[in-house]
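Examining the three-dimensional arrangement
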Amino acid sequence: MPSLDVEFVRSQFPALAQHWPDWALMDNAGGSVMPRQVQTRVADYLRRYMVQTGADYPLSQRAAGIVAEGHASAELLVGAQPGEVAIGASTTLNAKLLALALRPLWRPGDKIIVSDLDHESNIGPWAALAASGIEVLTWRLRPETAALELDDLAPLLDERVKLVSMTHCANIVGAIHDVSAVAARVHEVGAQLCVDGVAFAPHRLVDVAALDVDYYLLSLYKVYGPHQGLLWGRRALLEAARGQNHYFISEDRVPYKLEPGNANHELCAGIPGIADYLRDLDGHHHGHPAPASNPDREALARSFELIAAHEAELAERLLSFLREHPKVRILGPSSSDAATRVPTVAFVVEGRKASEIPPLLAARKLAIRSGDFYARRAIEALGLVEGDGVVRVSLVHYNTLAEVDRLVSALDEVL
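Throughout this description, residue numbers start from 1 for each chain and increase along the sequence as written. Reporting in this predicted model follows two pLDDT cut-offs: at least 70 for local features of residues, and 80 or more for side-chain atom pairs to be given and counted; totals over whole chains, interfaces and linings ignore these cut-offs and use all residues. As a rule here, side-chain values come from all non-hydrogen atoms in the structure, and water together with hydrogens is ignored.

Remarks on the layout of surface pockets
What the largest pocket holds in volume is close to 340 Å³. Lining residues are defined by having an atom within 4 Å of a point belonging to a cavity or pocket. Those points lie on a 1 Å grid over the protein atoms alone, cavities being sets where a 1.4 Å probe fits but cannot get out and pockets being open sets with protein on both sides within 12 Å along at least five of seven lines. Around the largest pocket, the lining is made up of 18 residues, and of these Gly30, His119, Tyr221, Lys222 and Tyr374 lie nearest the centre. What fixes the domain bounds is an automatic or database domain assignment. Formed jointly, the lining of the largest pocket draws a minimum of three residues from each of two domains, domain 1 (6–32 + 305–413) and domain 2 (42–271). Grid points are joined across faces, edges and corners, and a volume is the space filled by probe spheres set on the points.

This is the structure in structure tokens:
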């Protein structure tokens, strides 16, 4: 496998040249920079097709076709079947809509299990159902590892559990969970599994079929796309869920019944640009491989292999420094192994509040962040509230080893 050509990668992201030529952007878990392929598609739609969909005239029909192409590209991104992806304003909103859509299928006394490691978007909507008689249990993280263990979930599972929600990759510690193993155990008791893949999807290719989950959420704007959220569900389950659109939208109108107010047209137009970029990345590194049964998915898979290998190098450069620093404690895996973590690295510094560190680095044109990152319950469980949470460095594949070296040098000075 060739090494990632980072110079080529960075040339695809105009903002890196315009706004970040001197800065190192290492706050990418909150939202990534958008490549030119996405920008071009959004701008083209605004210039040429900014009309209402659903009419008989050709321009409206073309606009509707572009929105449909956005849905199809979102399906490609997660390996979904046609009609299984709803597009909404954010993962927070999509999770809330899903919880409301599923609640009528359950009875008072039924159970939901949430984790205290997740981003609040995959906890709050489910926890809110307690007000309507659903019993909400918590699958607790292990403080020593900041991870979820299947052994801790098993005692909570019984025939009354209807759904378990969990994170694929914790947004504050970067640890990858064995979602397939959890899905198998959850399905044994007849329950469903909803997975937050927001922190995973920018770094690895999502395959919902291989994971064997029931619902999957991610934020497209953290996967180099427009500011939207993606909700995937098994089609039969989405058809059974209750619509959250207008009352006259029939229950078989999936995914439209889960897109109140419709998906944003111009942003949907940009979604295929994510796949365009990943295909261009594959073409630059591999030329034109032999014909494949699913060429688009295989091209995306090859690109994510390049991404994972490069990001592991980035993570190791940072983690090797943090592991040896006497005042630093890493949250989550201390290894850079791509099988166990993504390059989202959180740490705390003995005797220092997390909020003290980012301003010192900003003075050196290094952009990182501190806080709870909307994983407030995890920060509480880890006893880190008084220290203002964690320092988080969130790298992606357009970061360079030179940038990480700058960060390490600066951390060596300020810590």
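Focus on the domain arrangement of the protein chain
Under the domain assignment used here, the protein chain contains domain 1 (6–32 + 305–413) and domain 2 (42–271). Each of domain 1 and domain 2 was reduced to a C-alpha centroid, and the two centroids are 27 Å apart. Every contact between the two is made by 33 residues of domain 1 and, on the other side, 25 residues of domain 2. Using a 1.4 Å probe, buried area is obtained as the accessible area two parts lose upon being combined, added over both of them. Carbon and sulfur atoms make up 58% of the surface buried where domain 1 meets domain 2, a total of about 2300 Å² over both sides. The term salt bridge refers to a pairing of a side-chain nitrogen on Lys or Arg with a carboxyl oxygen on Asp or Glu at a separation within 4 Å. Counting across the interface, domain 1 meets domain 2 through two salt bridges. Across the pair Glu120 and Arg377 runs a salt bridge whose closest N-O atoms are separated by 2.6 Å. The contact definition used throughout considers only heavy atoms, calling two residues in contact when any of these lie within 4.5 Å.

Here's the deal with the pattern of salt bridges
For side chains bearing opposite charge, pairing can occur when the charged atoms are close. Using the criterion set out here, one finds 27 salt bridges in the structure. With a closest N to O distance of 3.0 Å, Arg185 and Glu188 form a salt bridge. Taken together, the residues Arg185 and Glu188, both in helix α8 (residues 179–188) and three residues apart, mark about one turn of the helix. Judged by its relative accessible area of 60%, Glu188 falls in the exposed class. When salt bridges that share partners are traced, they join Arg41, Asp276, Arg279 and Asp296 into one network. In DSSP terms, a helix is any run of H or I states spanning at least four residues, a strand is any run of E spanning at least two, and both are numbered starting from the N terminus. Relative accessibility decides the category of a residue: with a 1.4 Å probe and only protein chains considered, values under 20% of the type maximum give buried, values over 50% give exposed, and everything between is partly exposed.

Re the environment of Ala378
Its location among the elements puts Ala378 in helix α15 (residues 376–381). For the pair Ala378 and Ala299, spaced 79 residues apart in sequence, the C-alpha to C-alpha distance is 36 Å. Aside from chain neighbours lying at most four places away, what touches Ala378 is Asp116, Leu117, Leu141 and Ile172.

Considerations on the packing of aromatic side chains
Aromatic rings from Phe, Tyr and Trp, taking only the six-membered ring of Trp, are treated as a pair when their centres fall within 6.5 Å; an angle between ring planes under 30 degrees marks them as stacked, one over 60 as edge-to-face, and anything in between as tilted. Under the counting rule described, the total for this entry stands at seven aromatic pairs. When the centroid spacing of 6.1 Å and the interplanar angle of 70° are considered together, the rings of Phe13 and Tyr224 count as edge-to-face. Residue Phe13 is located in the loop between α1 (6–11) and α2 (14–18), and its partner Tyr224 is located in the loop between β7 (215–219) and β8 (229–233); the two are separated by 211 residues in the primary sequence. Residue Phe13 is classed as buried on the basis of its relative accessible area, which comes to 0%. The exposure class assigned to Tyr224 is buried, which follows from its relative accessible area of 1%. With a centroid separation of 6.5 Å and an interplanar angle of 40°, the aromatic rings of Trp106 and Trp126 are classed as tilted. Of this pair, Trp106 sits in the loop between α5 (91–102) and β3 (111–115) while Trp126 sits in helix α6 (residues 124–127); the two residues are 20 residues apart in sequence, bridging distant segments of the chain. The lysine or arginine in question, Arg392, covers the ring of Phe373, its NZ or CZ lying 3.8 Å from the ring centre. In this scheme, the term charge over a ring applies when either NZ of a lysine or CZ of an arginine sits within 6 Å of the ring centre and within 35 degrees of the ring normal.

So, the sheet that holds strand β5 (residues 161–167)
Each pair of strands is called paired provided DSSP finds at least two bridges between the two strands. Strand order in the open sheet made by the seven strands is β2-β8-β7-β6-β5-β3-β4, with mixed pairing throughout. The open sheet has two edge strands with one neighbour each: β2 (85–88) and β4 (135–139). The sheet shows a mean angle of 20° between the axes of neighbouring strands, direction not considered. In this structure, β5 lies alongside strand β6 (residues 192–196), joined through five bridges in parallel fashion. From the neighbouring strand, Leu163 faces β6, where its bridge partner is Gln192. Helix axes are fitted to C-alpha atoms over the stretch in contact, other axes to C-alpha atoms as well, and angles between N-to-C directions run from 0 to 180 degrees. Across the sheet, helix α4 (residues 58–78) touches β2, β7 and β8, and the angle it forms with β2 is around 115°. Packing against the sheet, α8 makes contact with β4, β5 and β6, and its axis sits at approximately 155° to β6.

What about α4?
Given the number of residues in a helix, its expected span is that number minus one, multiplied by 1.5 Å. Its 21 residues give α4 an end-to-end C-alpha distance of 31 Å, which sits within 8% of 30 Å, the value for a rise of 1.5 Å per residue. If you check which residues of α4 are buried, you get Ser60, Ala63, Ile66, Val67, Gly70, His71, Ser73, Ala74, Glu75, Leu76, Leu77 and Val78. Note on α4: the residue one or two positions beyond its end, Gly79, has a positive phi of about 75°.

Considerations on the nonpolar core
The set of buried Ala, Val, Leu, Ile, Met, Phe, Trp, Tyr and Cys residues whose side-chain atoms join them within 4.5 Å is what this entry labels a nonpolar core. The biggest cluster of nonpolar side chains holds 83 residues, and the ones touching the most others in it are Leu193 and Tyr216. Each of domain 1 (6–32 + 305–413) and domain 2 (42–271) contributes no fewer than three residues to this core. With near-sequence residues (within four places) excluded, Tyr216 lies in contact with His168, Val195, Gly197, Phe200, Val206, Val208, Leu211, Leu230, Leu231 and Trp232. Of all hydrophobic cores here, the second largest spans 28 residues; its members include Val328, Ile330, Ile368 and Val404.

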